[in-house]
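The residues making up each chain are set out below.
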Amino acid sequence: MTKKRNYTPRIPATVCPHCLTRSIAYDSVEIDRLTREIRYVCQNPDCGHTFVAQLGIFRTVRPSLMPNPAIRLPHGQWRSKPANDDNRVPANDDDQPDAAEVSPAPG
Ligand SMILES: [Zn+2]
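Residues numbered from 1 in each chain as written. Predicted model: local features only at pLDDT ≥ 70, side-chain atom pairs only at ≥ 80, totals over all residues.

**Student:** Explanation requested: the overall build of the protein chain in the structure shown.
**Tutor:** Within the protein chain one finds 1 helix and 4 strands. A total of 107 residues make up the protein chain; the buried ones form 3% of that total. Partitioning the intrachain contacts of the protein chain with sequence separation of at least 6 by distance along the chain shows that 17% fall at a separation of at least 24. (Helix = DSSP H or I, 4+ residues; strand = E, 2+ residues; numbered from the N terminus. Buried ≥ 20, exposed ≤ 12 C-beta atoms within 10 Å, placed from the backbone. Contact = placed C-beta atoms within 7 Å.)

Structure follows, in structure tokens:
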């Protein structure tokens, strides 16, 4: 079942990775409900780079009031955090002595 969209998505411009000039989306295709591939062309005539980017939907910030059961997204904040910014104690670095250190086995 394909539901027809009632609007044409407007794809944002981005920056050419080579010359850092504004690049315009001139075509996009839906890969799936959560992913689009976008073709960009750099607006710098001395560069002319044409490239493909992906637009992905990664997580929910506020749940939909019309949820589609086929769409499963994790919940999260709108900005992602670096993967290494948690403050977990390493598994071998806690202050609690092991049971064997407290009461050695008789014998
Ligand atoms: Zn460029």
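**Student:** Please explain the pairing of strand β4 (residues 50–56) as it appears in this structure.
**Tutor:** For a regular strand, side-chain orientation follows a simple rule: the groups alternate between the two sheet faces. Little of β4 sits out of view: just 0 of its 7 residues are buried. Both strand β3 (residues 35–42) and β4 contribute to a ladder of 7 bridges, which runs antiparallel. If you follow Tyr40 over to β4, its bridge partner there is Phe51. (Pairing = 2+ DSSP bridges.)

**Student:** Even after reading the chapter, I still don't get the pairing of strand β2 (residues 22–32), so can you show me in this structure?
**Tutor:** Across the 11 residues of β2, 1 count as buried, placing the element largely on the outside. Of the strand pairs in this sheet, strand β1 (residues 14–15) and β2 are connected by 2 bridges, and their pairing is antiparallel. Considered in β2, the bridge of Thr14 is made with Ser23. Here 8 bridges tie β2 to β3, and the two strands are oriented antiparallel to one another. Note that in β3 the partner of Val29 across the bridge is Glu37. Joining the antiparallel neighbours β2 and β3 is a turn of 2 residues.

**Student:** Just checking my understanding: could you explain the sheet that holds β1 for this structure?
**Tutor:** Paired through their backbone hydrogen bonds, the strands of a sheet run either parallel or antiparallel. The strand order across the open sheet built from 4 strands is β1-β2-β3-β4, with neighbouring strands paired in antiparallel fashion. Unpaired on one side and paired on the other, β1 and β4 mark the two borders of the sheet.

**Student:** Where do I start with the environment of Gln54 in this structure?
**Tutor:** Among the structural elements, Gln54 can be located in strand β4. Along the backbone, Gln54 and Ile38 are 16 residues apart, and their C-alpha atoms lie at a distance of 5.9 Å.

**Student:** Is there a simple way to explain unusual backbone geometry in this structure?
**Tutor:** Excluding glycine, residues mostly have negative phi values, and the peptide bonds linking residues are mostly trans. Of note in the backbone geometry, Leu20 takes a positive phi value of approximately 65° without being a glycine. Along the chain, the position of Leu20 falls in the loop between β1 and β2. Classification of Leu20 by C-beta neighbours within 10 Å gives exposed; the count is 11.

**Student:** What exactly am I supposed to notice about the environment of Tyr40 here?
**Tutor:** For Tyr40, the location among the structural elements is in strand β3. Judged by the 23 C-beta atoms lying within 10 Å of it, Tyr40 is buried. With 27 residues separating them along the chain, Tyr40 and Ala13 place their C-alpha atoms 8.1 Å apart. For Tyr40, the contacting residues outside a window of four places in its chain are Thr14, Ser23, Ile24, Ala25, Thr50, Phe51 and Ala53.

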